[in-house]
Amino acid sequence: MLSKWRTFRSAEKQSRRFVRAFRKSTRLSEIAAVADQFRPSPLVAVFHEIHDEYQRQSGGRGMPPNPQALERAALTAASESLTLMEHRMTWLATIAQSATFIGLFGTVMGIVDAFHGLGTAGAATLRAVAPGISEALITTAAGLAVAIPALIGYNQLTARLRESAARMDDFGRELLNAIENVALLSQQPPPGAPPPLPPNDTPRRSF
């Protein structure tokens, strides 16, 4: 639990730094050159996946021919990053659920031992049942001492996972919007240029 907490804290810190650097930069190539410095932020994987797909489609210039592929690349990168962050979280959930049952099992065994001592002594005395009841209570307390922190930690870490997933989705949309805006600006004629010809008079391009 403490290990995952440190990992999430480091990822969130690097994500904030990466977003600040991304918003200050004016060129995607500048961010691509320094993105690996902000690992283990999951946003870096989302950026690389979208940037690589954009480079494959249009060479990093103009409007991408298939914007849906960029969206799918963002979803894939976010899913893979989230899967890595969820690694070993199932163990914490298993501990939180099973510790109470282990404590209950110890309680049952302690009561069985108490009744066994009562039958051996042949008299209902405190000396006969006290050891078994004491063991039952100790085992119950130990199970609760493990289950309660594990449950609280699992819920807190799960909430942070949801926040990270939402942050990756938001960043993916922000990056896609930035690519589309830059592509649209690059297609606009420069100031002072003559207006485009009507569709019927537009000359064909030769390649």
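Data block above holds the structure.
Now for a look at the structure at hand. Just so it is clear, the model here is predicted, and its values are computed rather than measured.

With respect to the packing of aromatic side chains
Here's step 1: This model, assessed by the stated rule, comprises 4 aromatic pairs.
Here's step 2: For the pair Phe18 and Phe47, a centre-to-centre distance of 5.9 Å together with 75° between the ring planes defines the contact as edge-to-face. Of the two residues, Phe18 sits in helix α1 (residues 2-24) while Phe47 sits in helix α3 (residues 42-58), which places them 29 residues apart along the sequence.
Here's step 3: Linked through ring pairs, Phe18, Phe22, Phe38, Phe47 and Phe171 together constitute an aromatic cluster.
Here's step 4: Geometry around Trp5 places Arg160 over its ring, the cationic atom sitting 4.6 Å from the centre.

Here we look at the environment of Val19
Here's step 1: If you trace the backbone, Val19 turns up in helix α1.
Here's step 2: Once the C-alpha coordinates of Val19 and Phe38 are considered, the two residues, 19 residues apart in sequence, prove to be 9.7 Å apart.
Here's step 3: Contacts of Val19, omitting those with residues within four sequence positions, involve Leu43 and Phe171.

Thresholds applied
Residues numbered from 1 in each chain as written. Predicted model: local features only at pLDDT ≥ 70, side-chain atom pairs only at ≥ 80, totals over all residues. Heavy atoms only, no water. Phe/Tyr/Trp six-rings, centres within 6.5 Å; stacked < 30°, edge-to-face > 60°. Helix = DSSP H or I, 4+ residues; strand = E, 2+ residues; numbered from the N terminus. Lys NZ or Arg CZ within 6 Å of the ring centre and 35° of its normal. Contact = heavy atoms within 4.5 Å.

Any functional reading would require information that these geometric values do not contain.
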